[in-house]
Amino acid sequence: MCGIVGFVGRQNPVPLILESLKCLEYRGYDSSGIAVLDKGQQLNVVKASGKLQNLVDRLDANLTSDTGEAIQVGMGHIRWATHGAATDANAHPHLGTNRQIAVVHNGIIENYYLLRETLMAEGRQFVSETDTECVAQLVEHLWEKQTEQTLEAFRGVIRETVDQLQGAFALVILNKAFPEHLFVVRRHAPLVVGQRPQAGNQMEYVVASDTVAIIPHTNQVVFLNDDEVVELSPEGMVLMTVAGDILEPKVTIVDASPLQIDKKGYRHFMLKEIHEQPDVIRNSLSGRLLHPEAPIELVASDQSAKAKQLLSQANHLVVIGCGTSLNAGLVGKYFIESLAKVPVSVESAGEYRYREPIIDEHTLVVAISQSGETADTLEAVRLAESKGAKVLTITNREDSTLARESDVVLPVRAGVEVSVCATKSFSAQVVVFYLLGIALAETRNTVDAARLTELKGELMRLPTQLDAYLATAPEPMQDVARQFSHHTSLLFMARGINYPVALEGALKLKEISYIHAEGYSASELKHGPIAMLDDTMPVAAILTPGPLFEKVMTNCQEAKARDARMLAFTSATLDDSMVDMFDAVVPFPDTDELLSPLFATVPLQLFAYYIAEHLGKDVDQPRNLAKSVTVE
Ligand code: F6R
């Protein structure tokens, strides 16, 4: 949540910062702002509430000029509001009272109120309601107290500031006393430094919350760890701990291709990402499932021994995640328990991190996160690690903090997901859980080989079937979506391995259409939710052939008897009397029941998409949300 950018180099920083902020829009879009030092070394700050385009419209073309010679520094921010409404005043960058210091921040300063009171008592004048402003004021306050205003003294100021801050922060700090420098520090919030070699052994630097915002400028990056500080100037990068110990920066060359962002002609990123799912599944399977009779190759050979060891000693998997990732983890639980006979607990990270979980040497934590930066998931994993757990992470971002802090990483390979509403990453996560489950079953001999071969064959055929489905499914879905778009509440129900799909369908609808929706196991209907049903609240049932089909059909009858409008998402062939029960029937391809979530989820994603589109909602950037939830 919130995206920050910094730049040091010999070019106009404004276009570069804007380009990077555009890449970070998924992290928030409540307001944005930019600060640069002009030639007279005045701090120029422009901010605008609302989308990034509002800032672009407000920027004066002469904010700073491209001299091609002088060193220029600047910073930018895109905000997801925590403290204070989405106003111009609350937008970053924030300044000290004397405009000596400018700061952009991602995270939450938990003790901001106390700091603010203290600084106000010292005469500092606050102009916003944000927690961040206290950082700018504190840095400036400490700086003005220095008798010798040297670089060394400013290092001390940063150290003292960090010592006083509680909470999570990634900060870019500009001090007018050092007009060719930026200062960067992180604790529990992501930050990456990109370096771009220039003529004469000089460097340009771009700092950002995420590699996606660096890649347009360079593929050479340094990932920062907690409590590390970086000083950037054309002379180079000085990396040190907050305590002042100098460290050697580790430059990583990142592969730019999976990070490129393009709508490819689709109206929205979400629709494009839904349509990418067959390829994403192929990608996730690639190199891991080569042939139905070949054993699963879960990880690259360099991690293979470690992964094997972790998996062989585990007798309990604890899956930890949030939101859509949590739903994918639930599918994983049904699959792994059914096939590999290993008990799996699925835990909401925000709850887990404040519990007293029971962990022993046979507990394997499986952390699941698209972004790999979700604050609750990271903290839950750190708690488990502190109690001795080993961690296997399933993520779409191999360069994320979570991946770097894990013992073994299983990349889901979905490519960059831009739409705030997760779609393709869910499918990719589910595929990785399938691979994990099959691998466990293979090594533990819990299922006969013929059954595993059958499942693997089905899994390999699935992307082609999904391609065919997606070629025709969207058009009729538009009509179904229109029929249900005026409702203010909707209930999704399913059983077994598709119960998490009902949760996911409800989550998608809520997120992008703002229609209230709940997902239930159909078995729960009579334990309360049925009381809500009447002709204003439709019920969407997910029906797949199998032992629970009749049970869900009975629940559909019960809902129909309460006048609910009925919608079926089904891979079963319904006879005429069954079809008559539903106001609309949306078919999807049939497959092995254990694999059916990969098909069942897609029409639910399309349903949510077309309802939101019909209602004229901002599909890719729904209100109040941000893609990467880096604060708790
Ligand atoms: C829903 C959605 C969120 C995320 C959740 C966890 O469409 O995107 O519910 O799934 O915030 O995010 P990650 O997977 O990045 O940890």
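Residues numbered from 1 in each chain as written. Predicted model: local features only at pLDDT ≥ 70, side-chain atom pairs only at ≥ 80, totals over all residues. Heavy atoms only, no water.

A. A look at the overall build of the protein. Scanning the protein for helices and strands turns up 19 helices and 25 strands. Its C-alpha atoms give the protein a radius of gyration of 26 Å, near enough to 26 Å, the size a compact globule of 632 residues would have. Along the first, second and third principal axes, the C-alpha atoms of the protein reach 85 × 55 × 45 Å. The burial tally for the protein puts 61% of its 632 residues in the buried class. For the protein, restricting intrachain contacts to residue pairs at least 6 apart in sequence, the fraction spanning at least 24 positions comes to 72%. For the protein, the exposed surface amounts to about 23700 Å²; the carbon and sulfur share of it is 48%. (Helix = DSSP H or I, 4+ residues; strand = E, 2+ residues; numbered from the N terminus. Rg over C-alpha atoms; globule rule 2.2 N^0.38 Å. Buried < 20%, exposed > 50% of the residue type's maximum accessible area, 1.4 Å probe, protein only. Contact = heavy atoms within 4.5 Å. Areas by Shrake-Rupley, 256 points an atom, 1.4 Å probe, with all protein chains shown as cover.)

B. Focus on the sheet that holds strand β2 (residues 31-37). Read across the open sheet, the eight strands follow the order β3-β2-β4-β1-β10-β9-β11-β15; overall the sheet is antiparallel. Every interior strand has two partners, whereas the edge strands, β3 (43-49) and β15 (252-253), have only one. Of the strand pairs in this sheet, strand β1 (residues 3-9) and strand β10 (residues 203-208) are connected by four bridges, and their pairing is antiparallel. If you follow Phe7 over to β10, its bridge partner there is Val206. Sheet strands in contact with helix α1 (residues 13-23) are β1, β2, β4 (72-79), β9 (192-197) and β10, and its direction is about 25 degrees off that of β4. (Pairing = 2+ DSSP bridges. Axes fitted to C-alpha atoms, helices over the stretch in contact; angles between N-to-C directions.)

C. Fine view of helix α11 (residues 375-386). With 12 residues, α11 extends 16 Å from end C-alpha to end C-alpha; this agrees with the ideal 16 Å at 1.5 Å per step. The complete set of buried residues in α11 reads Ala375, Asp376, Thr377, Leu378, Ala380, Val381, Arg382 and Ala384. Those residues of α11 hidden inside the fold are in contact with β16 (316-321), α10 (349-352), β18 (363-369), β19 (390-395) and α12 (401-404). A positive phi of about 100 degrees marks Gly388, the residue just after α11. (Expected span 1.5 Å × (residues − 1).)

D. Focus on the packing of helix α9 (residues 323-340) against helix α16 (residues 499-513). The interhelical angle for the contact between α9 and α16, taken along N-to-C directions, is 170 degrees, at an axis separation of 8 Å. Accordingly, the angle class assigned to the pair α9 and α16 is roughly antiparallel. Here α9 and α16 pass one another in a crossing that is left-handed. Residue-level inspection shows Gly323, Thr324, Asn327, Leu330, Val331 and Tyr334 of α9 in contact with α16, the latter providing Tyr499, Pro500, Leu503, Glu504, Leu507 and Lys508. (Parallel < 35°, antiparallel > 145°, perpendicular 65-115°, else oblique. Left-handed = near helix turned anticlockwise from the far one by under 90°.)

E. Representation of the site of the ligand. The ligand sits among 14 residues. The nearest are Ser325, Ser369, Gln370, Ser371 and Thr374. Contact between the ligand and Gln370: an oxygen atom at 2.7 Å from a main-chain N or O atom of the residue. Within the contact set of the ligand, an oxygen atom lies 2.4 Å away from a side-chain nitrogen or oxygen of Thr374. For the shell around the ligand, the secondary-structure elements that each account for two or more residues are α9 and α16. The biggest single contributor to the shell around the ligand is α9, with three residues. (Near = heavy atom within 4 Å. Polar contact = N/O pair within 3.5 Å; in protein donor to acceptor, adjacent residues only side chain to side chain.)

F. Local environment of the packing of aromatic side chains. Counted by the stated rule, this structure contains 11 aromatic pairs. Between Phe178 and Phe183, the ring centres sit 6.1 Å apart and the planes meet at 70 degrees, which makes this aromatic pair edge-to-face. For Phe178, a relative accessible area of 12% puts it in the buried group. Ring geometry for Phe335 versus Tyr434: centroids 4.4 Å apart, planes at 40 degrees, classification tilted. Of this pair, Phe335 sits in helix α9 while Tyr434 is found in helix α13 (residues 424-444), placing the two residues 99 residues apart along the sequence. Residue classification places Tyr434 among the buried positions, given a relative accessible area of 0%. Among the aromatic residues, ring-to-ring pairing joins Trp143, Phe154, Phe178 and Phe183 into one connected group. Lying over the aromatic face of Tyr29, Lys51 brings its terminal NZ or CZ to 5.6 Å of the ring centre. (Phe/Tyr/Trp six-rings, centres within 6.5 Å; stacked < 30°, edge-to-face > 60°. Lys NZ or Arg CZ within 6 Å of the ring centre and 35° of its normal.)

G. Broad picture of helix α19 (residues 597-614). End to end, α19 covers 26 Å across 18 residues, agreeing with the expected 26 Å (1.5 Å per residue, within 8%). Most of α19 is tucked away: 16 of the 18 residues are buried. Gly616 sits one or two positions beyond α19 and adopts a positive phi of about 75 degrees.

H. View of the state of the cysteines. Applying the stated criterion to the full structure yields zero disulfides. Cys421 supplies the cysteine sulfur nearest to Cys322, a cysteine that is in no disulfide, at a spacing of 16 Å. Looking at Cys322, the relative accessible area reads 26%, which means it is partly exposed. (Disulfide = S-S within 2.5 Å.)

I. Looking closely at the domain arrangement of the protein. Assigned domains of the protein: these are domain 1 (3-259), domain 2 (262-471) and domain 3 (473-617). Here the C-alpha centre of domain 2 lies 35 Å away from the C-alpha centre of domain 1. The partner domain 2 presents 11 residues to the 14 residues of domain 1 that form the contact. When domain 1 packs against domain 2, the two sides together hide about 920 Å² of surface, and 50% of this comes from carbon and sulfur. Taken together, the links from domain 1 to domain 2 amount to two salt bridges. Here Arg397 ties to Asp210 by a salt bridge, and the two come within 2.6 Å at their closest N and O atoms. Classifying every residue of the side of domain 1 that touches domain 2 gives eight nonpolar, three polar and three charged. (Domains from an automatic or database assignment. Buried area = accessible area lost by both parts, 1.4 Å probe. Salt bridge = Lys/Arg side-chain N within 4 Å of Asp/Glu carboxyl O. Nonpolar A, V, L, I, M, F, W, Y, C, P; charged D, E, K, R; others polar.)

J. Examining the pattern of salt bridges more closely. Evaluation of the coordinates by the stated rule reveals 32 salt bridges. Lys22 is paired through a salt bridge with Glu25; the nearest N and O atoms lie 2.8 Å apart. Connected via shared salt-bridge partners are Arg186, Asp226, Glu379, Arg382 and Glu405.

K. Up close: the nonpolar core. Ranked by size, the top nonpolar core spans 93 residues in total, and within it Phe492, Phe569 and Phe607 carry the most contacts. If you tally residues by element for this core, the top one is α13, at 13 residues. When residues of this core are sorted by domain, at least three fall in each of domain 2 (262-471) and domain 3 (473-617). For Phe492, the residues in contact, after removing those within four places along its chain, are Ala502, Gly505, Ala506, Leu509, Ala517, Glu518, Gly519, Tyr520, Ala540, Phe569, Leu604 and Phe607. Listed in part, the 31 residues of the second largest apolar core include Leu24, Ile34, Ala48 and Leu52. (Core = buried A, V, L, I, M, F, W, Y, C linked by side-chain atoms within 4.5 Å.)

L. Looking closely at the packing of helix α15 (residues 474-484) against α19. It is the contact of α15 with α19, at a shortest axis distance of 8 Å, that shows an interaxial angle of 60 degrees. The angle between the axes of α15 and α19 places the two elements in the oblique class. Our pair here, α15 against α19, has a crossing hand that is right-handed. Facing α15, whose interface residues are Pro474, Met477, Gln478, Val480, Ala481, Arg482 and Phe484, α19 presents Pro603, Leu606, Phe607, Tyr610, Ile611 and His614. Split into classes, the residues belonging to the contact of α15 with α19 amount to 10 nonpolar, two polar and one charged.

M. Spotlight on the side chain of His217. Secondary-structure assignment places His217 in the loop between β10 and β11 (220-223). Looking at His217, its side chain comes within polar contact range of the side chain of Ser20, at 2.8 Å. Setting aside its immediate chain neighbours within four residues, His217 contacts Leu16, Glu19, Ser20, Arg196 and Val206.

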